[in-house]
Number of protein chains: 2
Amino acid sequence: MPTPHYGQPRYRLIANELRKRIESGVITPGGLLPAETALTAEFRASRGTIRRAIAVLRDDGLATTAHGRGTFANAPSSEARGAKPQASSLSRREVHADAELAALFEVQVGVALIELRSVTIQGGKVETVTRTYRLR
Amino acid sequence: MPTPHYGQPRYRLIANELRKRIESGVITPGGLLPAETALTAEFRASRGTIRRAIAVLRDDGLATTAHGRGTFANAPSSEARGAKPQASSLSRREVHADAELAALFEVQVGVALIELRSVTIQGGKVETVTRTYRLR
DNA sequence: AGAAATTTGTCCGTATGTATC
DNA sequence: AGATACATACGGACAAATTTC
């Protein structure tokens, strides 16, 4: 096959097909997608195209890939539908300026700073950790 | 060259180099990046690798690509980010998890994380420095 | 413990399609 | 119409992480 991609490119068509299988439950949440080599056989596409299709699913939050293990289907849960991250636990403590902070605040390295720390959680997992520093 | 990617993969190194040029102003906001074929010559990398590097910049919001026209540098200013206080420059880099971050993210100490750093300025003085960490 | 098989990650070179200049 | 630039696709090779035997 040369490379005709009138309309939608192949990687997108393949992504749509795989998406259907996940959303319809043919591939159960947490379940493993077929290996890339298996998918190349099924769709008669090159591995690069298959990988690109899977990348689409990852970007959409429908799948997660682990080096050496495979690609797992995610539960199409609430967070895919714009649910806000659950912020939590704002804590405060005193820390000492590292080199970068010292330069920015124009103080000596080691000077005491106030640090506010917050964590956002998404689906039971820590998604972001934020540390905000200011002078005392 | 076979495929030695000890440490960081080539597409990431190239992305970092291009990022520097944008953030330092070597490529002015709105300006055009060199064409992919030009970058293949400069970095002695295949076009696929160059395209992958540019994709990283797009994902980071640093560049925009238009079919047939080229890839443009975006102003590294604060975009759709809920309009925080004063002029805060946002920069991104990779860091290694310290003990606390490792515990929160449930990874090994030293694992690579993404750090977004922003600074708020009040009357010419740095008021706060915020570091937000996320898994890669 | 160790070797082999499996699976994803990176990279190359090439060819062709599509959009813009 | 021609030149330039990005988009898609193929096939091959080797690297790295994981699982299996």
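None of the values given here were measured: they were computed from a predicted structure. Every chain is numbered independently, its residues counted from 1 as its sequence is written. Chain labels run from A onward and ligand labels from 1 onward, assigned in the order the entries are written. Thresholds applied to this predicted model are a pLDDT of at least 70 for local features of residues and 80 or more for the giving and counting of side-chain atom pairs; totals over whole chains, interfaces and linings are not thresholded and use all residues. Processing note: side-chain calculations cover all non-hydrogen atoms of the structure and skip hydrogens and water entirely.

Caption draft 1: Molecular detail of the overall build of chain A. The helix and strand labels rest on DSSP assignments: H or I over at least four residues marks a helix, E over at least two residues marks a strand, and numbering proceeds from the N terminus. When helices and strands are counted, chain A shows four helices and five strands. Secondary structure of chain A in N-to-C order comes out as α-α-α-β-β-β-α-β-β. Per-residue accessibility, obtained with a 1.4 Å probe over protein chains only, is compared with the maximum for each type, and a residue is labelled buried under 20%, exposed over 50%, and partly exposed between these values. Taking all 136 residues of chain A together, 32% fall into the buried category. Within chain A, counting contacts between residues at least 6 apart in sequence, those at least 24 apart form 47% of the total. Put simply, chain A shows about 8700 Å² of open surface, and 53% of that area lies on carbon and sulfur atoms. By definition in these notes, contact holds between two residues if any of their heavy atoms fall within 4.5 Å. For the accessible areas, the method is Shrake-Rupley and the probe is 1.4 Å, while residue cover comes only from the protein chains on display.

Caption draft 2: Region of the structure containing the interface of chain A and chain B. Taken together, the contact pairs 20 residues of chain A with 20 residues of chain B. Take a side-chain nitrogen of Lys or Arg and a carboxyl oxygen of Asp or Glu: if they are within 4 Å of each other, that pair is a salt bridge. Linking chain A with chain B are zero salt bridges. At the level of elements, α4 (99-105), β4 (112-122) and β5 (125-135) of chain A are the ones that each hand at least two residues to the side of chain A that touches chain B. Of the residues that constitute the side of chain A that touches chain B, the class distribution is eight nonpolar, three polar and nine charged. The sheet contact formed by β5(A) and strand β5 (residues 125-135) of chain B spans seven bridges and is antiparallel. Counted as the bridge partner of A:Val129 is B:Tyr133 from β5(B). We call Asp, Glu, Lys and Arg charged. Ala, Val, Leu, Ile, Met, Phe, Trp, Tyr, Cys and Pro are nonpolar, and the rest, Gly among them, are polar. The criterion for strand pairing is that DSSP finds at least two bridges linking the strands in question.

Caption draft 3: How the structure looks around the protein's contact with DNA strand D. Neighbouring residues are identified by heavy atoms, a residue being near a molecule or strand if any of them is within 4 Å of it. Taken together, 27 residues lie around DNA strand D, and A:Arg10, A:Thr49, A:Arg69, B:Arg47 and B:Arg51 are the ones closest in. Of what DNA strand D places within 4 Å of the protein, 75% of the atoms are sugar or phosphate. Polar contact is defined as a pair of N or O atoms within 3.5 Å, subject to the rule that within protein one atom must be able to donate a hydrogen and the other to accept it, and that residues adjacent in sequence are counted only when both atoms are side-chain atoms. A:Ser46 places a main-chain nitrogen or oxygen 2.8 Å from a phosphate oxygen of DNA strand D. The side chain of A:Arg69 places a nitrogen or oxygen atom 2.5 Å from a phosphate oxygen of DNA strand D. If you list the elements that add at least two residues to the surface near DNA strand D, you get α1 (10-23) and α3 (47-59) of chain A together with α3 (47-59), β1 (63-66) and β2 (70-73) of chain B. Looking at the surface near DNA strand D, the element that brings in the most residues is α3(A), giving three residues.

Caption draft 4: A look at the pattern of salt bridges. Taken as a whole and judged by the stated rule, the model has 10 salt bridges over all chains. For A:Glu42, the salt bridge goes to A:Arg21, with nearest N and O atoms at 2.5 Å. In this pair, A:Glu42 is assigned in helix α2 (residues 36-43) and A:Arg21 in helix α1, connecting sequence segments 21 residues apart. One salt bridge in this structure joins B:Glu36 and B:Arg47, with 2.6 Å as the shortest N-O distance. Of this pair, B:Glu36 sits in helix α2 (residues 36-43) while B:Arg47 sits in helix α3; the two residues are 11 residues apart in sequence, bridging distant segments of the chain. Taking the relative accessible area as the measure of exposure, B:Glu36 reaches 18% and is therefore buried. Classification of B:Arg47 by relative accessible area gives partly exposed; the value is 46%. What emerges from the salt-bridge pattern is a single network uniting A:Glu17, A:Arg21 and A:Glu42.

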